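# Remarks on the overall topology
In case you want the letters, here they are:
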Amino acid sequence: MNKLYIGNLSENVTVPELETIFNDWKIPFSGQFLLKTGYAFVDCPDENWAMKAIDTLSGQVELHGKHIEVEHSVPKRQRSRKIQIRNIPPHMQWEVLDGLLAQHGAVENCEQVNTETESAVVNVTYGTKDQARQAITKLNGYQMESYSLTVTYIPDEQALQQSQEMGRRGFSGRGPPQQGPAATTKQQFDIPLRILVPTQFVGAIIGKEGATIRNITKQTQSKIDVHRKENAGAAEKPISIHSTAEGCSAACKMILEIMHQEAQATKTAEEVPLKILAHNNFVGRLIGKEGRNLKKVEQETETKITISPLQDLTLYNPERTITVKGSIEACCKAEEDIMKKVREAYENDIAAMNLQANLIPGLNLNALGLFPPSSSTVPPHPVGVAPATPYGPYMQTSDPETVHVFIPAQAVGAIIGKKGQHIKQLSRCAEASIKIAPAESPDTKQRMVIITGLPEAQFKVQGRIHGKLKEENFFGPKEEVKLETHIKVAASAAGRVIGKGGKTVNELQNLSSAEVVVPRDQVPDENDQVVVKIIGHFYASQLAQRKIREILAQVKHQQQQKVQSNQSQPRRK
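Residues numbered from 1 in each chain as written. Predicted model: local features only at pLDDT ≥ 70, side-chain atom pairs only at ≥ 80, totals over all residues. Heavy atoms only, no water.

### Focus on the overall build of the protein chain
Within the protein chain, the secondary structure is distributed over 18 helices and 24 strands. For the protein chain, the residues scored as buried account for 44% of the 573 residues in total. In the protein chain, 67% of the contacts between residues at least 6 apart in sequence involve partners at least 24 apart. Put simply, the protein chain shows about 31,100 Å² of open surface, and 49% of that area lies on carbon and sulfur atoms. (Helix = DSSP H or I, 4+ residues; strand = E, 2+ residues; numbered from the N terminus. Buried < 20%, exposed > 50% of the residue type's maximum accessible area, 1.4 Å probe, protein only. Contact = heavy atoms within 4.5 Å. Areas by Shrake-Rupley, 256 points an atom, 1.4 Å probe, with all protein chains shown as cover.)

Written as structure tokens, this is what we have:
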């Protein structure tokens, strides 16, 4: 983000005066200053110069008797309560960071972002936009040990989408929106509140001829689905509530009150806890480091909260049950806090997946199944970023790929599952062939998993293998799952993967953060192929695989063109 906002300017300030300040402090700028009454905008050549301008000038330089303010330019509509803090000392204690953040307002959420940098990165959500703005002003350039913090807004994606939608629908600065096909309702990508209710209470919740549930729907302006046919004979049934956060909470409270009344009337249960279903992807962030987030919710709401174990998860049931015990009021307050964390985690995952979709072109997000089954749809492509062409211009169609993934030998049982159930389910769900090669010797430390399928299938299967190894504790709690993956390439194309002087393979490693090795002394196999080794965490490995496949497709395309060219040339007599 190189565009700067310069504020707190006197109405008498001129463009030459601003240019003089930047020149005096030796801060380069590109283009012209855009001067308005009381503020201005200017572009810097890159992020480093933008940060230097902020550090040097903001609050430090006086112009016409007023200290100017310099910060990253984020449109007001996109300014949110969320900020990102980078360049945090890697060994800093969380208590120290918490104390620093609390100086500028009420912190609702602090979540570490996984990066390849040595320093740490966190996303922070403050109680208000003003608190977030104050934190940016005070913490940008703040020195911690030998590190200088970098703080930026996380743009409000919803506001950005709304502004884009308004532009498409014909909104102008004044007047009503234009009518017509373009004036469609903005699609929602929020997740519903899902709860489990005892089967014996379902009839009371629905009411005679559906009167009770219609009343709940009407009062809370929500859509409620009672999944009566799911899990026939089960003691509990799921209910999905689609509405705003407030609407979901109001409907949840009314349902909880009905269950309590029914339990007292029938004397079928002494206690009726609230059971919330949440996708496993979000539960770790709900719990927080050392259980800190969950303990805070318990203390503030005076409830007892437990979460079902990981062992209960299956490929077809990725949700965990969050059981909340307490009074109706206490349970409802806990529901608000829990779902707030879940929704924040969901929003962060949407942003992360959109980024991955851009970095790993060609992936069909709808086919990946990475989002909770209860969400309305996979999120849209990021606004302002053109969807990537699938695998570049040479990979419009995809053939099945074969990849060899090496896992710890002792993890084979976990991947196969009881009576082969896990590997069969994964194969069926991903539409891929998964085979585990025999051990080369009794004391072998690694086993090879052979995966054959389309790119989406590879993404699903390899992602699940990485996740399973983490869940089953084959890697430490703070240790990233990094696996070795082999793909075979034609010996004639290996040089293209390496590049002149190793340029291509080095660029590939820098881009993906994976280690990519093409052994030069390999002897091609019977199919005249050699092995490319990729070592890295899941996303790094996926990105490296996709880029290598793109190179191979380019080689194949060029070879086909050459053959066609030779065939089209007239023969000499």
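### Some details on the nonpolar core
In terms of nonpolar packing, the biggest core is built from 43 residues, with Ile 195, Ile 239, Ile 241, Ile 255 and Ile 338 touching the most fellow members. Counting residues in each nonpolar core, the second largest holds 40 residues, with Ile 434, Val 449, Phe 475 and Ala 494 among its members. (Core = buried A, V, L, I, M, F, W, Y, C linked by side-chain atoms within 4.5 Å.)

### As for the environment of Cys 44
Secondary-structure assignment places Cys 44 in the loop between strand 3 (39-43) and helix 2 (47-57). On the basis of relative accessibility, which here comes to 3%, the residue Cys 44 falls in the buried class. When the C-alpha atoms of Cys 44 and Asn 2 are compared, they prove to be 5.3 Å apart, with 42 residues separating the residues in sequence. In this structure, Cys 44 is in contact with Asn 2, Leu 4, Pro 28, Phe 29, Ser 30, Trp 49 and Ala 50, ignoring residues within four places of it in sequence.

### A few points about the pattern of salt bridges
Scanning the model with the defined rule gives 12 salt bridges in all. Taking the shortest distance from any N to any O, the salt bridge between Lys 3 and Asp 43 comes out at 3.9 Å. Of this pair, Lys 3 sits in strand 1 (residues 3-7) while Asp 43 sits in strand 3; the two residues are 40 residues apart in sequence, bridging distant segments of the chain. Looking at Asp 43, the relative accessible area reads 30%, which means it is partly exposed. Across the pair Lys 223 and Asp 225 runs a salt bridge whose closest N-O atoms are separated by 3.0 Å. Each of Glu 401, Arg 546 and Arg 549 takes part in a single network of salt bridges with overlapping partners. (Salt bridge = Lys/Arg side-chain N within 4 Å of Asp/Glu carboxyl O.)

### Remarks on the sheet that holds strand 14 (residues 223-226)
As summarised here, the arrangement of the six strands in space is 14-15-13-16-18-17, forming an open sheet in which the pairing is antiparallel. Both outer strands of the open sheet, strand 14 and strand 17 (304-307), are each paired with one neighbouring strand and no more. Direction aside, the axes of adjacent strands within the sheet are offset by 25° on average. (Pairing = 2+ DSSP bridges. Axes fitted to C-alpha atoms, helices over the stretch in contact; angles between N-to-C directions.)

### Focus: the sheet that holds strand 2 (residues 30-36)
Taken together, four strands build an open sheet; the order of strands is 2-3-1-6 and the sheet is antiparallel. Two strands lie at the open edges of the sheet, namely strand 2 and strand 6 (69-72), each paired on one side alone. Pairwise comparison of adjacent strand axes, ignoring direction, gives a mean angle of 20° for this sheet. When strand 2 meets strand 3, the two strands line up antiparallel, connected through four bridges. Residue pairing across strands places Lys 36 opposite Tyr 39, the latter belonging to strand 3.

### Re the side chain of Thr 125
Along the chain, Thr 125 turns up in strand 9 (residues 120-126). Discounting residues that sit within four places of it in the chain, Thr 125 has contacts with Arg 81, Lys 82, Ala 106, Val 107, Glu 108, Asn 109 and Glu 344.

### Thoughts on the pairing of strand 16 (residues 274-279)
Counting buried residues in strand 16 gives six out of six residues, a clear majority hidden from the surface. Side-chain alternation along strand 16 places Leu 274, Ile 276 and Ala 278 on one buried face and Lys 275, Leu 277 and His 279 on a second face that is also buried. Bridge count between strand 13 (residues 193-198) and strand 16: three bridges; the pairing is antiparallel. Bridged to Leu 196 within strand 16 is Lys 275. Relative to strand 18 (residues 319-325), strand 16 is paired through six bridges, and the arrangement is antiparallel.

### A short note on the packing of aromatic side chains
For any pair of aromatic rings, geometry is given as the distance between the ring centres together with the angle between the planes. A complete count under the given rule lists eight aromatic pairs for this structure. Ring centres of Phe 22 and Phe 33 lie 5.2 Å apart, and the angle between their planes is 75°; on these two criteria the pair is classed as edge-to-face. Of this pair, Phe 22 sits in helix 1 (residues 15-24) while Phe 33 sits in strand 2, placing them 11 residues apart in sequence. Take Phe 22: its relative accessible area is 1%, and that puts it in the buried class. According to the relative accessible area criterion, Phe 33 is buried, its value standing at 7%. Arranged with centres 6.0 Å apart and planes meeting at 80°, the rings of Phe 282 and Tyr 346 form a pair that is edge-to-face. Remark: Tyr 346 occurs in helix 11 (residues 328-359) and Phe 282 occurs in helix 9 (residues 280-287); sequence separation between them is 64 residues. Per residue, the accessibility class of Phe 282 equals that of Tyr 346, and both read buried. Taken together through their ring pairs, the aromatic side chains of Tyr 5, Tyr 39 and Phe 41 make up a single cluster. (Phe/Tyr/Trp six-rings, centres within 6.5 Å; stacked < 30°, edge-to-face > 60°.)

### Let's talk about the state of the cysteines
Taken as a whole and judged by the stated rule, the model has zero disulfides. Between Cys 331, a cysteine without a disulfide, and Cys 332, which holds the nearest cysteine sulfur, the sulfur-to-sulfur distance is 6.9 Å. Residue classification places Cys 331 among the buried residues on the basis of a relative accessible area of 1%. (Disulfide = S-S within 2.5 Å.)

### Topic: the environment of Ala 235
Checked against the element boundaries, Ala 235 lands in the loop between strand 14 and strand 15 (236-242). On the accessibility criterion, Ala 235 (59% relative accessible area) is exposed. When the C-alpha positions of Ala 235 and Val 197 are compared, they lie 8.6 Å apart, and in sequence the two are 38 residues distant. Excluding anything up to four places from it in sequence, Ala 235 contacts Val 197, Pro 198, Thr 199 and Gln 200.

### Digging into the side chain of Thr 152
Topologically, Thr 152 is positioned in strand 12 (residues 150-153). Residues within four places of Thr 152 in sequence aside, it is in contact with His 72, Ile 83, Gln 84 and Ile 136.

### As for the pairing of strand 13
For a regular strand, side chains alternate in direction, first toward one face of the sheet and then toward the other. Among the six residues that make up strand 13, six are buried, leaving the element largely enclosed by the rest of the structure. Side chains Leu 193, Ile 195 and Val 197 of strand 13 all project onto a buried face; the interleaved residues Arg 194, Leu 196 and Pro 198 project onto the opposite face, where all are buried too. Inspection of the sheet shows strand 13 paired to strand 15 by six bridges, in the antiparallel sense. Directly across from Pro 198, in strand 15, lies its bridge partner Glu 236.

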